[in-house]
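Structural overview
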2 protein chains.
Amino acid sequence: MKIVFLGTGSGMPTIKRNVSSIALVFTNSNKLWLWDCGEGTQHQIQKTSLKLSKLEKIFITHLHGDHTFGLPGLLASRGLRGGQDQGNVQIFGPSGLDSYLEQIQNITKTYFPYKIEINIIPQVFSEGILYENEEYLVRYTEVFHNIKTYAYSIEEKKGKCHFLIEKAKKFNIPPGPIYRALKNGEKVKLPDGRIFYGKDFVSNIEKGRKIVFGGDTVFCENLVYISKNADLLIHEATFSQQEEDLAKRNFHSTTSVAAQIARKAQVKQLILTHISPRYSSNNKLTISEKDLLCEAQSIFPETLLAEDFMEYNI
Amino acid sequence: MKIVFLGTGSGMPTIKRNVSSIALVFTNSNKLWLWDCGEGTQHQIQKTSLKLSKLEKIFITHLHGDHTFGLPGLLASRGLRGGQDQGNVQIFGPSGLDSYLEQIQNITKTYFPYKIEINIIPQVFSEGILYENEEYLVRYTEVFHNIKTYAYSIEEKKGKCHFLIEKAKKFNIPPGPIYRALKNGEKVKLPDGRIFYGKDFVSNIEKGRKIVFGGDTVFCENLVYISKNADLLIHEATFSQQEEDLAKRNFHSTTSVAAQIARKAQVKQLILTHISPRYSSNNKLTISEKDLLCEAQSIFPETLLAEDFMEYNI
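Residues numbered from 1 in each chain as written. Chains lettered and ligands numbered in written order. Predicted model: local features only at pLDDT ≥ 70, side-chain atom pairs only at ≥ 80, totals over all residues. Heavy atoms only, no water.

**Examining the interface of chain B and chain A**
What counts here: Should any heavy atoms of two residues lie within 4.5 Å, those residues are counted as being in contact. Each of two parts loses accessible area, computed with a 1.4 Å probe, when they are put together; buried area is these two losses added. Counted as salt bridges are all cases of a side-chain nitrogen of Lys or Arg within 4 Å of a carboxyl oxygen of Asp or Glu. Here a polar contact is recorded for every N or O atom pair within 3.5 Å, except that within protein the pair must consist of a potential hydrogen donor and a potential acceptor, and residues adjacent in sequence are included only if both atoms are side-chain atoms.
Each partner contributes to the interface: chain B provides 36 residues, whereas chain A provides 36 residues. Surface buried jointly by chain B and chain A totals about 2,700 Å² across both partners, of which 66% is contributed by carbon and sulfur atoms. Broken down residue by residue, the surface that chain B buries against chain A is led by B:Glu39, B:Phe69 and B:Ile107, which jointly contribute 24%. Summed over the shared surface of chain B and chain A, the number is zero salt bridges. Connecting chain B to chain A are twelve residue pairs in polar contact (both at pLDDT 80 or more).

Have a look at this one:
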């Protein structure tokens, strides 16, 4: 899997950082899932190798414009680009997302030549499983912003297993289809009559990968819980720790809050995103983006600061 | 006045052409009026010297997404950038524009720290005066697309007048405030008792400038009428004349239709915009953008093809 940061700013676009959107690419199939879709997300995608036709799912953390204003245009352009034979798109998010898209579609007479399935997260449950297929499980949990907001985790159900090739060679098992059958855990009978069991030729299965998309929030135990032992937590750090009051007033995390969540949840890697334009080099504040990273790393060393078009393999 | 083309493509953005938006800049004051606001218009403005804080009016030709999806984000960013002391914004357009903005604002909880005045064009009148101040007059007329669509003209009420300085010198009139009074058409009495009249010292007043924004439409007599003797007609040429049927099916102009309107209305200059991505150099069609320009120029030689960020002084 690969994460591509499409928009890493907060509130409004700047030349350096577009508003929020993060892509998850399944590297075998190039299939694409998106988290949030600020204005200009489709323009950002055009500057990458990602394909809108490969887009399968969009998860919206909350309905603020810097996370949603790119949705109608991206969906419309997908239709114009891809013709009628591309797959459907599932969209998940908070209540109101359905009427947002329906109203815009009706008023602007926008036609989508593929099916859009909107799945609203039930308001009565503050956490749960949102989507599941053979390989992946997506959970949501409510976090604490000034509008209904969710964090999401995606967990791989099966982890990697390694075939013990040296052990197979030791038993003089001939390579080829038999190795594959053993790797798949099957029982194999060789022409010479010997019988082998797959479970004896694979290493202990590693835990599947887990990624968490934090949503906009102040410090929140729900987010710590859903992030437990994640391989990667991507979380907003809109404000510097030096502007903690401003962060609280706007229901946002500081660099330190993001790092504390990462430490408490014992994640492997934290990536900060949703950076306020106030720390860009054009502004007069004495706090720089480098300072933001240092603040977080002093609490949780395994921290990176996202940039637009940054890629992270997991 | 200066025209800045912010988005000159149709339907969906490409790397070269964003979706529709055209700025009119009043060069003395840097005040800004916009025609249409496709997704990413605020991003385009960031790449120019235009200032969102100077934005006064937005005219929407019709509600299709490639002309409107940038509106909520642009208005929101104007608020975030400019603080509470910037001026209000007036928006003019077809019925539905008001509920489009209200629904989006309510659902996404977007706050504008300035007043937005939405003026809906009354459906009972197919043409009329939309806005008037001391200097300018904006008219609308309905054109023929598959959704209610308007063309707009802006006319300068007073034209330029030239002060006949050599004539004033000949009469030994002393320069300074007296010249200014004469230029303003006033009656002046000199200390030596002589009396002069301003009308005798200015050249015939030139007609005020007139610009027309054509809107998306097939050939339409209303558009010819509103464009009569305009200094500049900016009109869509979504399709080549070689794809006339496609243009008609989609209620759009071809290059030839745009040129015929310009010729019939006897405008001074035609600029083609809203160019389909099908003619970009990446595509396999044998018709190029250069061909589009040639098609129009064969009917109306004074034709230009707009590009994003092209400026035109008038």
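From this point, the narrative continues.
**Points about the pairing of strand E14 (residues 269-273) of chain A**
Residues and elements named next belong to chain A. Going by this rule: Each residue gets one of three labels from its accessible area relative to the maximum for its type: buried under 20%, exposed over 50%, partly exposed in between, using a 1.4 Å probe on protein chains only. Counting from the N terminus, the helices are DSSP H or I runs at least four residues long and the strands are E runs at least two residues long. Two strands pair under a simple rule: DSSP has to find at least two bridges between them. Every crossover in which the path from the first strand over the helix to the second runs clockwise, viewed with the strands pointing away from the viewer, is termed right-handed.
Burial analysis of E14 places five of its five residues in the buried class, which makes it a mostly covered element. Burial along E14 is two-sided: the face carrying Gln269, Ile271 and Thr273 and the face carrying Leu270 and Leu272 are both buried. Across three bridges, the pairing between E14 and strand E15 (residues 303-305) is parallel. In the strand pairing of E15, Leu270 is matched with Thr303. Running through helix H10 (residues 289-297), the crossover from E14 to the neighbouring parallel element E15 is right-handed.

**Some words on the pairing of strand E2 (residues 21-26) of chain B**
All names here are of chain B. Burial of E2 is extensive: six of the six residues sit out of reach of the surface. By the alternation rule, side chains of E2 split into Ser21, Ala23 and Val25 and Ile22, Leu24 and Phe26, which are all buried. Here strand E1 (residues 2-7) runs beside E2; their pairing, made up of five bridges, is antiparallel. Across the sheet, the residue bridging to Val4 is Ala23, located in E2. Taken together, the five bridges between E2 and strand E3 (residues 31-35) define a ladder with antiparallel strand orientation. Residue pairing in the sheet places Ala23 in a bridge with Leu34 of E3.

**A closer look at the environment of A:Arg249**
Residues and elements named next belong to chain A. Residue position: Arg249 is located in helix H8 (residues 244-249). Using a relative accessible area of 58% as the deciding quantity, one classes Arg249 as exposed. In this structure, the C-alpha to C-alpha distance between Arg249 and Ile120, residues 129 residues apart in sequence, is 28 Å.

**A look at the pattern of salt bridges**
Following the criterion strictly, the structure yields 30 salt bridges over all chains and no others. With its nearest N and O atoms 3.0 Å apart, the salt bridge here joins A:Lys157 to A:Glu132. Placement of A:Lys157 in the loop between strand E9 (149-156) and helix H5 (165-170) and of A:Glu132 in strand E7 (residues 127-132) is noted, with a sequence separation of 25 residues between them. Given the relative accessible area of 39%, A:Lys157 is considered partly exposed. Here B:Glu243 makes a salt bridge to B:Arg278, at a shortest N to O gap of 2.7 Å. Taken together, the residues B:Glu243 in the loop between strand E13 (232-236) and helix H8 (244-249) and B:Arg278 in the loop between strand E14 (269-273) and helix H10 (289-297) connect sequence positions 35 residues apart. Residue classification places B:Glu243 among the buried residues on the basis of a relative accessible area of 15%.

**Concerning the nonpolar core**
Just so we agree on the cut-off: Among the buried residues, those of types Ala, Val, Leu, Ile, Met, Phe, Trp, Tyr and Cys that are joined through side-chain atoms within 4.5 Å form a nonpolar core.
Ranked by internal contacts, the top residues of the largest apolar core, which has 58 residues, are A:Ile58, A:Leu74, A:Leu75, B:Ile58, B:Leu74 and B:Leu75. Not counting the four nearest positions on each side in its chain, B:Leu74 is found in contact with A:Glu39, B:Leu34, B:Cys37, B:Thr41, B:Gln42, B:Ile45, B:Leu52, B:Leu55 and B:Ile58.

**Notes on the relation of the copies chain B and chain A**
Which entries qualify depends on this criterion: The atoms used to superpose the copies are C-alpha atoms, taken from residues with pLDDT of at least 70 in both, and the fit is least squares.
It takes a turn of 180 degrees to lay chain B on chain A, together with a shift of 0.1 Å along the axis; the resulting RMSD is 0.2 Å. The transformation relating the two chain copies, once decomposed into turn and shift, fits a two-fold axis. Taking C-alpha positions as the reference, the residue of chain B nearest the rotation axis is B:Gly40, at 2.7 Å. With an isologous cut-off of 70% or more, the 100% of interface residues of chain B that recur at the interface of chain A puts this contact in the isologous class.

**A short note on the domain arrangement of chain A**
How big an interface is tends to be stated in terms of the accessible area lost upon association of its parts. Counted only if it meets this: Throughout, the edges of the domains are those of an automatic or database domain assignment.
The domain boundaries assigned to chain A delineate domain 1 (2-160 + 206-313) and domain 2 (162-203). Summarising the inter-unit geometry, the C-alpha centres of domain 1 of chain A and domain 2 of chain A are found 43 Å apart.

**Focus: the sheet that holds strand E8 (residues 136-143) of chain A**
Residues and elements named next belong to chain A. To keep things clear, this is the line we draw: A fitted line through C-alpha atoms serves as each axis, taken over the contacting stretch for helices, and the angle formed by two N-to-C directions is quoted from 0 to 180°.
Taken in spatial order, the seven strands of this open sheet run E7-E8-E9-E12-E13-E14-E15, and their pairing is mixed. The open sheet has two edge strands, E7 and E15, and neither has a second partner. Mean inter-strand twist for the sheet, computed between neighbouring axes without regard to direction, equals 20 degrees. Packing against the sheet, H10 makes contact with E14 and E15, and its axis sits at approximately 165 degrees to E15.

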